[in-house]
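# An overview of the molecular structure
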Amino acid sequence: GKADAPLRVDVGRGGKGAITYLVDIEKDEDFEQWPSNVQMLFYSQGGPPTIRRNLFNLLISVDPSNQGADRAANLAYSLLSSGYPVRVGVVLASSADVAAYRRHGETFLEAPDRPPARAPTERAASALDFHRLFEHLVAAEGKQYGFSFLLNAARLSQHDGGGATAAELVQIYTQLMARGGMEEEESTAEGYGVLEDATHDGKYVRSVAFHATKNFKPGTAFLNGIPLPTSDGTVFQEESVKVLQEEQQRIMQLVMHGRLTDTRPKSVYAELLTGPNVHARSYPGMGEGPADRTYLDPPALEEMGSAGWGTTAEPGAAAAPTVVVVASFDGDGAEGRRAAE
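Chains are numbered independently. Their residues run from 1 in the order of the written sequence. Per-residue local features of the predicted model are confined to residues with pLDDT of at least 70, and side-chain atom pairs are confined, for both listing and counting, to 80 or more; whole-chain, interface and lining totals are unaffected and use all residues. Side-chain metrics in this entry use all non-hydrogen atoms of the structure; hydrogen atoms and water are not considered.

### Structural notes on the overall build of the chain
The helix and strand labels rest on DSSP assignments: H or I over at least four residues marks a helix, E over at least two residues marks a strand, and numbering proceeds from the N terminus. A count of helical and extended segments in the chain gives 11 helices and seven strands. We call a residue buried when its accessible area falls under 20% of the maximum for its residue type, exposed when it is over 50%, and partly exposed in between, using a 1.4 Å probe and counting protein chains only. Within the chain, the fraction of its 341 residues that count as buried is 47%. Contacts: residue pairs with any heavy atoms within 4.5 Å of one another. Long-range contacts, defined as pairs at least 24 residues apart, comprise 74% of the intrachain contacts of the chain with a sequence gap of at least 6. A total accessible area of about 17,400 Å² is found for the chain, and carbon and sulfur atoms account for 50% of it. Only the protein chains shown count as cover for residues, with accessible areas throughout obtained via the Shrake-Rupley method and a probe of 1.4 Å.

As structure tokens, this is what we get:
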């Protein structure tokens with residue numbers, strides 16, 4: 001059933017060098033006083049299980065032109081404020097850059113068909129703009145600054161009803177640096193300088209490649225690999241909390257059956273991303289409709305003698321369109337069996 005085995009995408013593997021983890025319950029000093037006894041799950045009485053394990057792993061894909069990341073960032077803040085043990089990872093890309101990667105591979109940022117960038121005061125913020133400011137803050141000032149940047153950018157987008165401009169992102173950067181005592185004029189000049197700094201662009205390329213490999217749309221969010229809803233506002237919050245509560249029940253089942261103890265597995269995330277309901281990459285419509293659908297990953301198709309179906313073209317090669325067929329077959333009737341074959 002859906003509550004027992006939701007469809008998951010394995011976004012826990014393959015993201016090395018692409019994902020920035022802003023919160024890690026098991027490693028960050030802020031949580032060192034939290035108990036590690038998983039039996040505390042049974043004393044939470046439906047509330048947040050404040051345990052020093054990464055029981056919930058929230059991956060947020062940020063695309064400044066897509067408000068999905070804004071909703072997920074606010075969800076992360078709300079859950080952490082309530083005491084949920086949520087590891088928060090961020091990965092950045094735009095749909096245009098994912099498409100460019102599929103055409104040109106890792107050199108897509110230097111491709112001749114890449115549109116020239118306008119002045120920061122005249123253009124909408126790109127995913128690369130966001131990435132450069134975000135990664136500079138994390139590297140220079142720490143993960144808390146990166147999280148603050150993410151939340152402030154989310155609030156700006158919600159207030160304006162659209163994506164921020166590059167200049168507005170620099171303004172957020174300036175305000176954050178002012179907390180550390182830097183003068184406004186100096187921090188503003190530094191922010192605009194960071195927009196031209198390619199120091200962390202290699203990570204952005206890996207981030208875009210991760211989106212292409214896992215085949216998920218920028219602006220998507222996942223909880224332990226489960227695609228979160230794409231609803232707006234309070235509906236998104238309510239539906240996402242329901243996903244989390246159902247996941248908490250599944251984790252409690254792992255404890256009851258001895259599959260999750262104080263010492264093993266080393267990664268709860270890896271344990272949850274194992275099984276027939278876990279897919280190597282995302283598919284259109286995944287997470288919508290019946291949970292008992294079967295998705296055939298490219299390796300499975302090849303084993304069936306249908307090599308080439310659903311495979312991803314190598315970067316630089318012409319990509320064949322991906323076709324997803326959703327069908328229901330009556331296995332008890334002769335016509336249904338013939339259709340399935």
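### Describing a negative patch on the surface
Together, Glu183, Glu184, Glu185 and Glu186 line one region of the surface with negative charge. Within the secondary structure, Glu186 is located in helix H6 (residues 184-195). Candidates for patches are residues over 30% relative accessible area with no salt bridge; among them, like charges are joined within 9 Å and nonpolar side chains (Val, Leu, Ile, Met, Phe, Trp, Tyr) within 5 Å. Salt bridge criterion: a side-chain nitrogen from Lys or Arg within 4 Å of a carboxyl oxygen from Asp or Glu. In summary, the charge assignment counts Lys and Arg as positive and Asp and Glu as negative, without counting His or the chain termini. To locate a charge, take atom NZ for lysine, CZ for arginine, CG for aspartate or CD for glutamate.

### Looking at the pattern of salt bridges
Evaluated as defined, the whole model comprises 12 salt bridges. Arg114 is the partner of Asp97 in a salt bridge, and the nearest nitrogen-oxygen pair spans 2.7 Å. Of this pair, Asp97 sits in helix H2 (residues 95-104) while Arg114 sits in the loop between H2 and helix H3 (127-141), and the two are 17 residues apart along the sequence. For Asp97, a relative accessible area of 7% puts it in the buried group. We classify Arg114 as partly exposed; its relative accessible area is 26%. With its nearest N and O atoms 3.6 Å apart, the salt bridge here joins Glu135 to Lys203. Taken as a pair, Glu135 in helix H3 and Lys203 in helix H7 (residues 201-214) lie far apart in primary sequence, 68 residues in all. Each member of the pair, Glu135 as well as Lys203, is classed as buried.

### Examining the packing of H3 against H7
With axes taken as lines fitted to C-alpha atoms, and helix axes fitted only over the stretch in contact, angles between N-to-C directions fall between 0 and 180 degrees. Two elements in contact, H3 and H7, have axes separated by 10 Å at closest approach and are oriented at 125°. Classified by the angle their axes make, H3 and H7 are oblique. Crossing of H3 over H7 shows right-handed handedness. Here Ala127, Leu128, His131, Arg132 and Glu135 of H3 come into contact with H7, specifically with Asp201, Lys203 and Tyr204. Geometric relationships in this document are graded by angle, where less than 35 degrees denotes roughly parallel, more than 145 denotes roughly antiparallel, 65 to 115 denotes roughly perpendicular, and other angles denote oblique. When the near helix sits turned anticlockwise from the far one by under a right angle, the crossing is termed left-handed; a clockwise turn instead gives a right-handed crossing.

### A closer look at the confidence of the model for the chain
pLDDT is a per-residue confidence score from the predictor, ranging from 0 to 100. With 79% of its residues at a pLDDT of 70 or more, the chain has an overall mean of 83. Contacts of residues 289-314 to residues separated by more than four positions or lying in other chains number 34 contacts, the stretch itself having pLDDT below 50. Predicted confidence for residues 318-324 stays below pLDDT 50, and this span has three contacts to residues more than four positions away or in other chains.

### Some details on a nonpolar patch on the surface
A cluster of nonpolar side chains, Met40, Phe42, Tyr43 and Met256, forms an exposed patch at the surface whose accessible area comes to about 450 Å². The class for Tyr43 is exposed, based on a relative accessible area of 64%.

### What to know about the side chain of Asn277
Take Asn277: it is sitting in the loop between helix H9 (268-272) and strand S7 (278-279). The buried category is assigned to Asn277, whose relative accessible area is 15%. Any pair of N or O atoms that falls within 3.5 Å is considered a polar contact. Within protein, one atom must be able to donate a hydrogen and the other to accept it, and sequence-neighbouring residues count only if both atoms are side-chain atoms. Side-chain polar atoms of Asn277 contact the backbone oxygen of Pro6, separated by 2.6 Å. Every residue in contact with Asn277, bar those within four places of it in the chain, is listed here: Ala5, Pro6, Leu7 and Arg8.

### Digging into the packing of H3 against H6
Packing of H3 against H6 leaves a shortest axis separation of 8 Å and a crossing angle of 120°. When the axes of H3 and H6 are compared, the pair comes out oblique. In the crossing of H3 with H6, the sense of the turn from one axis to the other is right-handed. Here Asp129, Arg132, Leu133 and His136 of H3 lie close against H6, whose contacting residues are Glu190, Gly191, Val194 and Leu195. Amino acid classes used here: Ala, Val, Leu, Ile, Met, Phe, Trp, Tyr, Cys and Pro are nonpolar; Asp, Glu, Lys and Arg are charged; the rest, including Gly, are polar. Its residues assigned to classes, the contact of H3 with H6 comprises three nonpolar, two polar and three charged.

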